Amino acid sequence: MNWGQAIADALSLGALYGLVAVGIGLVFGVMRLVNFAYGELITAGAYVLAYTSGWPAPLAIAACFAAVIALALAQERIAFRPLRRQGASPAAMLVATFAVSYLLQAIYLLAFGTRGEIVGTLGQLNSAFTVDGVDIRWILLVTTVTGALLLLATALLLNRTGIGLHIRAAAHDFRTARILGVRANRVIGLSFVVAGVLAAAVSVLYTVSNPLVTPTMGVPITIFALVGVVVGGLDRLWSAALGGFAVGCVYGLFGDVLSSQQSVYLPSVVYGAVIVVLLLRPAGLFAPFRARQVERV
Amino acid sequence: MRRAVPELGVPVLLVVLTALIAGGISQTQQLEFENALVMVAIVVALYVFVGNSGVISFGHVSFVAVGAYLAGILTVDPGTKHFTMPSLFPVLLHSHIGTPLSLLLGAAAGGVYAFAVGLPLMRLSGLPAGIATFAVLGITYNVLYYWQKVGPTAQTLSDIPESGRWTLAVGTVIAVVVAYLYQRSRFGRLLRATREDPAAARASGISVYRQRLVGFTLSGALAGLAGGLYVHQLGIITPTLFYLDLTFVTLAMLVFGGVGSLWGAVLGALVISALNSFLGDAENTVHVGFRLTLPTGTRLVTIGAVMALVIILRPSGLTGGREFGLRWRR
């Protein structure tokens, strides 16, 4: 058993889930919508990478980003904007994102089949270098650094630019922000673009370690990230990111430490911990204390 | 009383009609109609909690699973069980009961499980409630998949006696009637009050927690019953059957029909089931005036698209959350 190895794995998985968590948290902040179809953006990016494996890497990655951003905007335009216009209940919105996720999976199944495709882009990052007897694959380093940089960039965009101010205002109080002249469609569109950029980055990074692309590959990613987001606290981006990071770390760590005999019940342990956290801190592990008891809208 | 006749009568009539039609058609189509009956039972069980409380639950399929596994294992011949699942708990291993009793026990198990889960979880609402109930589903699936003392794990559970369409129809009608009686009862009304405005309900002296717990437990019992029906309809099950797909499909059926009404739950389950089975047939050529053959895979895409479209264009569902009425109001 090698602790250094386990920590290295845990960090990179944590960074990956942190990115997914920010993508989900950003859209939730602005729209109060948990986008369950977020994982299908990642799947779409992975398929693009699989079908462009022969291309030069920068070109393939650019194609992946373009496709994922386009799909993210399409989701917003076709599915979520009409819902928002009608003032649908949160339950209906949530089930609608489920339906979109189901539909996209069905389309992938119809278009690409069940067998799965292999991504070859950036495969060379799987080679390793050794530090103190710990094998570190390049991709771990790349994932952790890219993850940190993207999180930093998102934070800068939100805190240091005009449009970021608009996004934050809309996230805080959508109606008042609109009255004060924030353009709703622009802000929401932009947050979907940023979410799309993050999803595309996850497609690129994730497929290096897990090159098999299947129609349903996005589902477990969304579920774990969503669990992380809710456990961390949905209302703030950094707490959502931290929650996603924590869930990824726990998974990476236990996946390495436990034997396969013990690790079959790992999901139960993680879900059990989630329930405990939600009972003790419904607003999230990293949310500020003294949350309001009753919220009237 | 005058309202009760169409409000309860029409959903029950639809269920009976489905069972009647199932008698006069080919073997495969009969299976699809029976499956539609079971789907109605599951969606009605889901409606009892989600519809009346307004809190979304992703965990109901775990109660369906518990009911299904208990009802299934108890009706399998002990001789077979000694051979296929030797490490079961002794009670499960040696018992052998009839189908009606197994359905009852399935319902009881679903109710007890829901009560135990609801005891801590009903304090939550909104998204945390959704995620916590989802965590329950994840745990149930994980345990059923690996624990050899409670079932055949990842293997299929087979040799379960199959029930005819009338047993299924009676079970489903019971679920519909119980759901209706509950929503017209004092408890149902109190829970609906908490749905409309939790703060005002609390101010009027209603314990939101207690009303949700009552609804959740009843809903879990009906889900257990529906699970029993499901296992006796299929005759063979695996844990994967009771996970994300069923959770999504039943929730979508409920929202599709209209989350706020019993009539919507029944209608949503039947319409989606009908569409599903028609498209399934059409993938193997069907005659609708002309020969129609759809490429394999169009079924899922079409179902997904129809559900997404209806939910997006009409978030309150086909029925708009109203019960069936003879006069059209407004």
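Residues numbered from 1 in each chain as written. Chains lettered and ligands numbered in written order. Predicted model: local features only at pLDDT ≥ 70, side-chain atom pairs only at ≥ 80, totals over all residues.

J.: Please explain the overall build of chain B as it appears in this structure.
T.: Scanning chain B for helices and strands turns up 14 helices and two strands. The C-alpha atoms of chain B give 20 Å as radius of gyration, which agrees with the globular expectation for 330 residues (20 Å, within 12%). Considered along the principal axes of its C-alpha atoms, chain B spans approximately 60 × 55 × 35 Å. In chain B, the share of contacts with a sequence separation of at least 24, taken over all contacts with a separation of at least 6, comes to 80%. (Helix = DSSP H or I, 4+ residues; strand = E, 2+ residues; numbered from the N terminus. Rg over C-alpha atoms; globule rule 2.2 N^0.38 Å. Contact = placed C-beta atoms within 7 Å.)

J.: I tried to follow the overall build of chain A on my own but got confused; where do I start?
T.: Each helix and strand counted, chain A has 12 helices and four strands in total. For 297 residues, the compact-globule estimate of 2.2 N^0.38 gives 19 Å, and the C-alpha radius of gyration of chain A, at 19 Å, lies within 12% of that figure. Taken over the C-alpha atoms alone, chain A extends approximately 60 × 45 × 35 Å along its principal axes.

J.: Before we go on, may I ask you to explain unusual backbone geometry in this structure?
T.: Excluding glycine, a negative phi dihedral is what most residues carry, and trans is how most peptide bonds are arranged. All names here are of chain B. Even without glycine at this site, Thr153 takes up a positive phi of about 50°. Residue position: Thr153 is located in the loop between helix H7 (126–146) and helix H8 (165–184). Of the residues examined, Thr153 has 18 C-beta atoms within 10 Å and is grouped as partly exposed. Positive phi, normally seen in glycine, also occurs at Asp159, with a value near 60°. On the secondary structure map, Asp159 appears in the loop between H7 and H8. (Buried ≥ 20, exposed ≤ 12 C-beta atoms within 10 Å, placed from the backbone.)

J.: Teacher, can you tell me more about the packing of helix H1 (residues 3–31) of chain A against helix H9 (residues 218–232) of chain A here?
T.: A pair of packed helices is captured by two measures, namely the crossing angle of their axes and the spacing between those axes. All names here are of chain A. Two elements in contact, H1 and H9, have axes separated by 9 Å at closest approach and are oriented at 75°. Compared by their axis directions, H1 and H9 come out roughly perpendicular. Contacts between H1 and H9 pair Tyr17, Val20, Ala21, Ile24 and Gly25 from the former with Ile221, Phe224, Ala225, Leu226, Gly228 and Val229 from the latter. Each residue belonging to the contact of H1 with H9 can be placed in one class, and the counts come to nine nonpolar, two polar and no charged. (Axes fitted to C-alpha atoms, helices over the stretch in contact; angles between N-to-C directions. Parallel < 35°, antiparallel > 145°, perpendicular 65-115°, else oblique. Nonpolar A, V, L, I, M, F, W, Y, C, P; charged D, E, K, R; others polar.)

J.: Honestly, the interface of chain A and chain B in this entry has me stumped. Any pointers?
T.: Accessible area lost during the coming together of the parts is what is often quoted as the interface size. Contact residues are listed per partner, giving 39 residues for chain A and 34 residues for chain B. Put simply, the parts of the chain that give the side of chain A that touches chain B at least two residues each are helix H3 (57–85), helix H4 (90–112), H9 and helix H12 (266–280) of chain A. Sorting elements by how many residues they give to the side of chain A that touches chain B places H4 of chain A first, with 14 residues. Partitioning the side of chain A that touches chain B into residue classes produces 34 nonpolar, four polar and one charged.

J.: Which parts of the structure should I look at to understand helix H14 (residues 298–313) of chain B?
T.: Spacing of three or four residues puts side chains on the same side of an α-helix, whose turn is 3.6 residues. Taking 1.5 Å of rise per residue, the 16 residues of H14 of chain B would be expected to cover 22 Å, and the 22 Å separating its terminal C-alpha atoms lies within 8% of that figure. If you check which residues of H14 of chain B are buried, you get Arg299, Leu300, Val301, Ile303, Gly304, Met307, Ala308, Val310, Ile311 and Ile312 of chain B. (Expected span 1.5 Å × (residues − 1).)

J.: Please explain H8 of chain B as it appears in this structure.
T.: With 20 residues, H8 of chain B should reach 28 Å at 1.5 Å per residue; the first-to-last C-alpha distance of 28 Å fits that figure. Those residues of H8 of chain B that are buried are in contact with helix H1 (4–23), helix H2 (27–53), helix H6 (99–121), helix H9 (186–196), helix H11 (208–234) and helix H13 (262–282) of chain B.

J.: What's the story with the nonpolar core in this structure? I'm lost.
T.: The nonpolar side chains of a soluble globular protein tend to be buried with one another. Ranked by internal contacts, the top residues of the largest apolar core, which has 214 residues, are Val44 and Ala226 of chain B. Take this core: its biggest share by element is 17 residues, from H1 of chain A. With residues up to four places along the chain from it excluded, the contact list for Val44 of chain B reads Ala175, Val176, Ala179, Leu222, Leu262, Ala265 and Val266 of chain B. (Core = buried A, V, L, I, M, F, W, Y, C linked by C-beta atoms within 7 Å.)

J.: Looking at this model, I keep getting lost on the environment of Gly39 of chain A. Mind explaining?
T.: All names here are of chain A. Of note, Gly39 is situated in helix H2 (residues 38–51). Sequence spacing of Gly39 and Arg175 is 136 residues, and the spatial spacing of their C-alpha atoms is 29 Å. Setting aside residues up to four positions removed in sequence, Gly39 forms contacts with Ser101, Gly218, Val219, Ile221 and Thr222.

J.: Is there a simple way to explain the packing of H3 of chain A against H14 of chain B in this structure?
T.: Running from N to C, H3 of chain A and H14 of chain B cross one another at 30°; their axes reach a closest spacing of 8 Å. For the element pair H3 of chain A / H14 of chain B, the angle class is roughly parallel. Between H3 of chain A and H14 of chain B, the residues in contact are Ala79, Pro82 and Leu83 of chain A and Ala308, Ile312 and Leu313 of chain B, respectively. Grouping the amino acids of the contact of H3 of chain A with H14 of chain B by side-chain chemistry returns six nonpolar, no polar and no charged.

J.: Would you mind going over the confidence of the model for chain A with me for this structure?
T.: A low pLDDT means the predicted coordinates there should not be read in detail. All names here are of chain A. Of all residues in chain A, 91% have pLDDT values of 70 or greater, and the mean over the chain is 80. No element of chain A has a lower mean pLDDT than helix H11 (residues 260–263), which averages 66, and none a higher one than H2, which averages 90. This model gives residues 291–297 a pLDDT under 50, and the stretch forms three contacts once residues within four places in sequence are excluded. (pLDDT = per-residue confidence, 0-100.)

J.: What is the right way to read the confidence of the model for chain B from this model?
T.: In the predicted model, chain B carries a mean pLDDT of 85, and 95% of its residues have values of at least 70. The complex prediction reports pTM at 0.85, with the ipTM value standing at 0.83.

J.: Mind showing me how you'd approach the environment of Arg236 of chain A here?
T.: Residues and elements named next belong to chain A. Examined against the element boundaries, Arg236 turns out to sit in the loop between H9 and helix H10 (237–257). You can call Arg236 partly exposed: it has 18 C-beta atoms within 10 Å. Put simply, Arg236 and Thr161 are 75 residues apart on the chain and 18 Å apart in space, counted from C-alpha to C-alpha.

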